[in-house]
Amino acid sequence: MSDRYSRQIVIDEIGQEGQSKLNDAKVLVVGAGGLGSPALMYLAGAGVGNIGIIDADCVSESNLNRQVIHNVDNIGKNKALSAGEGVLRLNDKINVTTYPIYLTKENAADIISKYDFVLDCVDNFEGKFLINDECVRLKKPFCHAGVIRFNGQVLTYVPGRGPCYRCIFEDIPKEGDIPDNAKVGVIGAATGIVGSVQAMEAIKYILGTGNLLTGKMFIIDALTMDVRIAKFGKSNPECGACGNMLWL
(Lines give C-alpha, C1' and ligand atoms only; values in the text may rest on other atoms or scores of the structure.)
Protein backbone atom coordinates (compact mmCIF):
# COMPACT_ATOMS: atom_id res chain seq x y z
CA MET A 1 0.00 0.00 0.00
CA SER A 2 1.28 3.46 -0.89
CA ASP A 3 3.20 5.50 1.69
CA ARG A 4 0.56 8.17 0.95
CA TYR A 5 -1.79 6.46 3.42
CA SER A 6 0.78 5.42 6.03
CA ARG A 7 -0.48 7.83 8.71
CA GLN A 8 -3.97 6.38 8.61
CA ILE A 9 -3.06 2.73 8.05
CA VAL A 10 -1.36 2.70 11.47
CA ILE A 11 -4.70 3.58 13.09
CA ASP A 12 -6.14 0.42 14.63
CA GLU A 13 -9.62 1.06 13.23
CA ILE A 14 -8.26 1.33 9.68
CA GLY A 15 -5.18 -0.77 8.95
CA GLN A 16 -4.51 -2.41 5.59
CA GLU A 17 -7.98 -3.94 5.47
CA GLY A 18 -9.69 -0.63 6.08
CA GLN A 19 -7.54 1.11 3.50
CA SER A 20 -8.55 -1.51 0.96
CA LYS A 21 -12.21 -0.79 1.79
CA LEU A 22 -11.62 2.91 1.16
CA ASN A 23 -9.83 2.21 -2.12
CA ASP A 24 -12.76 0.07 -3.32
CA ALA A 25 -15.50 2.47 -2.16
CA LYS A 26 -17.70 4.63 -4.38
CA VAL A 27 -18.88 7.97 -2.99
CA LEU A 28 -21.03 10.53 -4.80
CA VAL A 29 -20.74 14.19 -3.82
CA VAL A 30 -23.71 16.25 -4.98
CA GLY A 31 -22.57 19.86 -5.05
CA ALA A 32 -18.98 21.01 -5.47
CA GLY A 33 -19.33 24.20 -3.46
CA GLY A 34 -18.65 25.22 0.12
CA LEU A 35 -19.47 21.81 1.60
CA GLY A 36 -18.37 19.71 -1.33
CA SER A 37 -14.94 21.34 -1.51
CA PRO A 38 -13.55 20.15 1.85
CA ALA A 39 -15.47 16.88 1.66
CA LEU A 40 -13.96 16.06 -1.72
CA MET A 41 -10.43 16.94 -0.65
CA TYR A 42 -10.57 14.74 2.45
CA LEU A 43 -12.22 11.84 0.64
CA ALA A 44 -9.52 11.98 -2.01
CA GLY A 45 -6.80 12.39 0.59
CA ALA A 46 -8.06 9.33 2.46
CA GLY A 47 -7.90 7.27 -0.72
CA VAL A 48 -11.58 6.76 -1.47
CA GLY A 49 -10.99 5.10 -4.80
CA ASN A 50 -14.06 6.15 -6.79
CA ILE A 51 -15.54 9.62 -6.41
CA GLY A 52 -18.45 11.08 -8.35
CA ILE A 53 -18.99 14.84 -8.49
CA ILE A 54 -22.21 16.40 -9.75
CA ASP A 55 -22.75 20.13 -10.18
CA ALA A 56 -24.17 22.15 -13.08
CA ASP A 57 -23.05 25.58 -11.85
CA CYS A 58 -19.95 27.48 -12.89
CA VAL A 59 -17.27 28.90 -10.60
CA SER A 60 -17.72 32.59 -9.77
CA GLU A 61 -15.50 34.98 -7.85
CA SER A 62 -18.03 35.13 -5.00
CA ASN A 63 -17.59 31.37 -4.48
CA LEU A 64 -13.92 31.58 -3.63
CA ASN A 65 -14.28 32.65 0.02
CA ARG A 66 -15.47 29.12 0.84
CA GLN A 67 -15.27 26.82 -2.20
CA VAL A 68 -11.58 26.13 -1.78
CA ILE A 69 -11.28 23.32 -4.30
CA HIS A 70 -11.58 25.99 -7.02
CA ASN A 71 -9.24 28.88 -7.84
CA VAL A 72 -9.19 32.11 -9.83
CA ASP A 73 -8.03 30.32 -12.96
CA ASN A 74 -11.27 28.33 -13.02
CA ILE A 75 -13.71 31.22 -12.75
CA GLY A 76 -16.38 30.58 -15.38
CA LYS A 77 -15.63 26.85 -15.54
CA ASN A 78 -18.16 24.19 -14.58
CA LYS A 79 -17.76 23.31 -10.89
CA ALA A 80 -17.87 19.54 -11.33
CA LEU A 81 -15.05 19.69 -13.88
CA SER A 82 -13.07 22.19 -11.82
CA ALA A 83 -13.48 20.10 -8.66
CA GLY A 84 -12.49 16.96 -10.53
CA GLU A 85 -9.23 18.62 -11.51
CA GLY A 86 -8.65 19.66 -7.90
CA VAL A 87 -9.24 16.14 -6.62
CA LEU A 88 -6.81 14.63 -9.12
CA ARG A 89 -4.17 17.22 -8.31
CA LEU A 90 -4.29 15.91 -4.75
CA ASN A 91 -4.55 12.21 -5.58
CA ASP A 92 -4.06 11.02 -9.15
CA LYS A 93 -4.38 7.36 -8.13
CA ILE A 94 -8.17 7.45 -7.72
CA ASN A 95 -11.02 7.42 -10.23
CA VAL A 96 -13.13 10.55 -10.61
CA THR A 97 -16.38 10.77 -12.56
CA THR A 98 -17.78 14.25 -13.18
CA TYR A 99 -21.38 15.11 -13.98
CA PRO A 100 -21.61 18.75 -15.17
CA ILE A 101 -25.40 18.63 -14.90
CA TYR A 102 -28.18 19.15 -12.38
CA LEU A 103 -29.41 16.20 -10.35
CA THR A 104 -33.04 15.76 -11.40
CA LYS A 105 -35.92 13.36 -10.86
CA GLU A 106 -35.13 11.95 -14.29
CA ASN A 107 -31.45 11.14 -13.72
CA ALA A 108 -31.13 10.78 -9.93
CA ALA A 109 -31.84 7.04 -9.70
CA ASP A 110 -29.42 6.15 -12.48
CA ILE A 111 -26.59 8.20 -10.97
CA ILE A 112 -27.13 7.46 -7.26
CA SER A 113 -27.50 3.71 -7.83
CA LYS A 114 -23.85 3.50 -8.89
CA TYR A 115 -22.52 4.62 -5.49
CA ASP A 116 -22.15 3.21 -1.97
CA PHE A 117 -22.63 6.49 -0.11
CA VAL A 118 -23.91 9.95 -1.05
CA LEU A 119 -23.03 13.38 0.33
CA ASP A 120 -25.72 16.06 0.14
CA CYS A 121 -23.62 19.19 -0.36
CA VAL A 122 -26.23 21.23 -2.23
CA ASP A 123 -27.45 24.66 -1.15
CA ASN A 124 -31.13 24.38 -2.08
CA PHE A 125 -34.01 22.51 -0.49
CA GLU A 126 -35.32 21.01 -3.71
CA GLY A 127 -31.99 19.23 -4.16
CA LYS A 128 -31.87 18.08 -0.54
CA PHE A 129 -35.33 16.53 -0.64
CA LEU A 130 -34.59 14.91 -4.00
CA ILE A 131 -31.40 13.32 -2.66
CA ASN A 132 -33.23 12.12 0.44
CA ASP A 133 -36.16 10.62 -1.41
CA GLU A 134 -34.05 8.83 -4.01
CA CYS A 135 -31.59 7.50 -1.44
CA VAL A 136 -34.45 6.21 0.70
CA ARG A 137 -36.09 4.56 -2.31
CA LEU A 138 -32.81 2.98 -3.46
CA LYS A 139 -31.80 2.08 0.12
CA LYS A 140 -28.62 4.12 -0.15
CA PRO A 141 -27.00 5.79 2.89
CA PHE A 142 -26.31 9.51 2.66
CA CYS A 143 -25.11 12.43 4.74
CA HIS A 144 -27.02 15.71 4.74
CA ALA A 145 -25.46 19.03 5.73
CA GLY A 146 -26.30 22.70 5.61
CA VAL A 147 -24.51 25.92 6.55
CA ILE A 148 -25.68 29.51 6.89
CA ARG A 149 -23.72 32.39 8.42
CA PHE A 150 -21.68 30.74 11.22
CA ASN A 151 -24.10 27.86 11.76
CA GLY A 152 -24.02 24.32 10.41
CA GLN A 153 -25.73 20.97 10.78
CA VAL A 154 -25.03 17.37 9.75
CA LEU A 155 -27.31 14.31 9.72
CA THR A 156 -26.59 10.83 8.37
CA TYR A 157 -29.23 8.46 7.06
CA VAL A 158 -28.65 4.71 6.89
CA PRO A 159 -31.58 2.48 5.86
CA GLY A 160 -33.16 0.93 8.93
CA ARG A 161 -31.16 3.01 11.40
CA GLY A 162 -33.16 6.12 12.18
CA PRO A 163 -35.07 8.95 10.51
CA CYS A 164 -34.44 10.36 7.07
CA TYR A 165 -34.24 14.06 6.21
CA ARG A 166 -37.95 14.21 5.31
CA CYS A 167 -38.90 12.62 8.67
CA ILE A 168 -37.52 15.71 10.38
CA PHE A 169 -38.21 18.55 7.94
CA GLU A 170 -41.26 17.03 6.19
CA ASP A 171 -41.70 19.33 3.18
CA ILE A 172 -39.78 21.82 1.05
CA PRO A 173 -40.06 25.27 2.68
CA LYS A 174 -41.98 27.91 0.82
CA GLU A 175 -39.89 30.46 -1.06
CA GLY A 176 -38.81 33.21 1.31
CA ASP A 177 -39.51 31.27 4.52
CA ILE A 178 -35.81 30.58 5.06
CA PRO A 179 -33.14 33.13 3.99
CA ASP A 180 -30.39 31.95 1.65
CA ASN A 181 -26.66 32.56 1.83
CA ALA A 182 -26.77 35.25 -0.83
CA LYS A 183 -28.89 37.37 1.53
CA VAL A 184 -27.50 36.59 4.99
CA GLY A 185 -24.02 35.31 4.13
CA VAL A 186 -21.78 32.38 5.03
CA ILE A 187 -18.25 32.19 6.39
CA GLY A 188 -15.98 29.79 4.57
CA ALA A 189 -14.36 28.24 7.63
CA ALA A 190 -17.81 27.07 8.83
CA THR A 191 -18.39 25.22 5.57
CA GLY A 192 -14.92 23.73 6.00
CA ILE A 193 -15.83 22.32 9.41
CA VAL A 194 -19.16 20.92 8.30
CA GLY A 195 -17.92 19.52 4.99
CA SER A 196 -15.12 17.77 6.85
CA VAL A 197 -17.65 16.18 9.20
CA GLN A 198 -19.50 14.87 6.13
CA ALA A 199 -16.30 13.32 4.80
CA MET A 200 -15.70 11.71 8.20
CA GLU A 201 -19.20 10.23 8.17
CA ALA A 202 -18.59 8.69 4.73
CA ILE A 203 -15.22 7.30 5.84
CA LYS A 204 -16.67 5.77 9.02
CA TYR A 205 -19.50 4.19 7.07
CA ILE A 206 -17.09 2.65 4.56
CA LEU A 207 -14.85 1.35 7.34
CA GLY A 208 -17.77 0.11 9.43
CA THR A 209 -16.39 1.75 12.56
CA GLY A 210 -17.36 4.44 15.04
CA ASN A 211 -20.75 6.04 15.63
CA LEU A 212 -22.57 7.67 12.76
CA LEU A 213 -24.93 10.63 13.05
CA THR A 214 -27.97 8.41 12.55
CA GLY A 215 -31.02 9.40 14.55
CA LYS A 216 -29.26 12.57 15.60
CA MET A 217 -27.93 15.84 14.21
CA PHE A 218 -24.58 17.52 14.79
CA ILE A 219 -25.16 21.26 15.21
CA ILE A 220 -22.44 23.89 15.48
CA ASP A 221 -22.41 27.64 16.05
CA ALA A 222 -18.90 28.52 14.94
CA LEU A 223 -19.25 32.07 16.28
CA THR A 224 -19.47 30.82 19.87
CA MET A 225 -18.01 27.33 19.22
CA ASP A 226 -21.06 25.81 20.87
CA VAL A 227 -21.59 22.25 19.61
CA ARG A 228 -24.52 20.00 20.43
CA ILE A 229 -26.13 16.79 19.27
CA ALA A 230 -29.90 16.84 18.76
CA LYS A 231 -31.43 13.36 19.06
CA PHE A 232 -34.48 12.41 17.02
CA GLY A 233 -34.97 8.73 17.77
CA LYS A 234 -36.99 6.57 15.42
CA SER A 235 -38.28 7.24 11.93
CA ASN A 236 -41.59 9.05 11.50
CA PRO A 237 -44.16 6.38 10.56
CA GLU A 238 -46.04 9.00 8.54
CA CYS A 239 -42.96 10.19 6.62
CA GLY A 240 -43.64 10.69 2.92
CA ALA A 241 -40.33 9.07 2.00
CA CYS A 242 -39.57 6.23 4.42
CA GLY A 243 -42.87 5.87 6.28
CA ASN A 244 -43.91 2.81 4.31
CA MET A 245 -40.62 0.94 4.74
CA LEU A 246 -40.79 -2.57 6.15
CA TRP A 247 -38.46 -1.88 9.07
CA LEU A 248 -40.75 0.73 10.68
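Below is a short write-up of the structure. Fair warning: this is a prediction, and the values are worked out from it, not measured in the lab.

Analysis parameters
- Residues numbered from 1 in each chain as written.
- Predicted model: local features only at pLDDT ≥ 70, side-chain atom pairs only at ≥ 80, totals over all residues.
- Heavy atoms only, no water.
- Pairing = 2+ DSSP bridges.
- Helix = DSSP H or I, 4+ residues; strand = E, 2+ residues; numbered from the N terminus.
- Right-handed = clockwise from strand over helix to strand, strands pointing away.
- Axes fitted to C-alpha atoms, helices over the stretch in contact; angles between N-to-C directions.
- Buried < 20%, exposed > 50% of the residue type's maximum accessible area, 1.4 Å probe, protein only.
- Core = buried A, V, L, I, M, F, W, Y, C linked by side-chain atoms within 4.5 Å.
- Contact = heavy atoms within 4.5 Å.
- Parallel < 35°, antiparallel > 145°, perpendicular 65-115°, else oblique.
- Left-handed = near helix turned anticlockwise from the far one by under 90°.
- Nonpolar A, V, L, I, M, F, W, Y, C, P; charged D, E, K, R; others polar.
- Salt bridge = Lys/Arg side-chain N within 4 Å of Asp/Glu carboxyl O.

In the sheet, strand E2 (residues 50–54) pairs with strand E3 (residues 95–99) via 5 bridges, with the strands oriented parallel. Paired with Ile 53 across the two strands is Thr 98, which belongs to E3. For the crossover from E2 across helix H4 (residues 79–90) to E3, the handedness is right-handed.

A few words on the sheet that holds strand E8 (residues 226–231). Pairing in this open sheet of 8 strands is mixed, and the strands run E3-E2-E1-E4-E5-E6-E7-E8 from one edge to the other. Single-partner strands in this sheet number two, and they are E3 and E8. This sheet shows a mean twist of 15° between the axes of neighbouring strands, independent of strand direction. Pairing geometry for strand E6 (residues 151–157) and strand E7 (residues 216–221), over 5 bridges, is antiparallel. From the neighbouring strand, Gly 152 faces E7, where its bridge partner is Ile 220.

Positioned with a positive phi, Glu 170 is a non-glycine residue whose angle comes to about 65°. In the Ramachandran plot, Met 225 falls in the positive-phi region, its phi being about 60° despite a non-glycine side chain. Looking at where Met 225 falls in the secondary structure, it is placed in the loop between E7 and E8. Taking relative accessible area as the criterion, Met 225 reaches 53% and is therefore assigned exposed.

Turning to the nonpolar core, a few remarks are in order. Ranked by size, the top nonpolar core spans 40 residues in total, and within it Leu 40, Leu 43, Ile 51 and Leu 119 carry the most contacts. Those elements that provide at least two residues to this core are strand E1 (26–30), helix H3 (36–46), E2, H4, strand E4 (117–120), strand E5 (142–148), helix H9 (188–207) and E7. Among the elements that line this core, the one with the most residues is H9, at 8 residues. Beyond its immediate stretch of four places on either side in the chain, Leu 43 contacts Val 27, Val 29, Val 48, Ile 51, Leu 119, Ala 199, Ala 202 and Ile 203. With 24 residues, the next largest nonpolar core counts Val 30, Ala 108, Leu 130 and Cys 167 among its residues.

With their axes 7 Å apart at the nearest point, H3 and H9 run at an angle of 40° to one another. With respect to each other, H3 and H9 are oriented oblique. Crossing of H3 against H9: the hand is right-handed. For the pair H3 and H9, the contacting residues are Pro 38, Ala 39, Tyr 42, Leu 43 and Ala 46 in the first and Thr 191, Gly 192, Gly 195, Ser 196, Ala 199, Ala 202 and Ile 203 in the second. Taken together, the residues of the contact of H3 with H9 sort by class into 8 nonpolar, 4 polar and no charged.

Our next topic: the pattern of salt bridges. Under the defined criterion, the tally for this structure stands at 7 salt bridges. With a shortest N-O distance of 3.1 Å, Lys 128 and Asp 120 are connected by a salt bridge. Accessibility classification places Lys 128 together with Asp 120 in one group, the buried group. Here Asp 133 ties to Arg 166 by a salt bridge, and the two come within 2.6 Å at their closest N and O atoms. Linking Asp 133 in helix H6 (residues 125–138) with Arg 166 in helix H7 (residues 165–169), this pair joins segments that are 33 residues apart in sequence. A residue is classified by how much of its surface remains accessible, and Asp 133, at 25% relative accessible area, is partly exposed. Through salt bridges with shared partners, a single ionic network connects Asp 133, Arg 166 and Asp 171.

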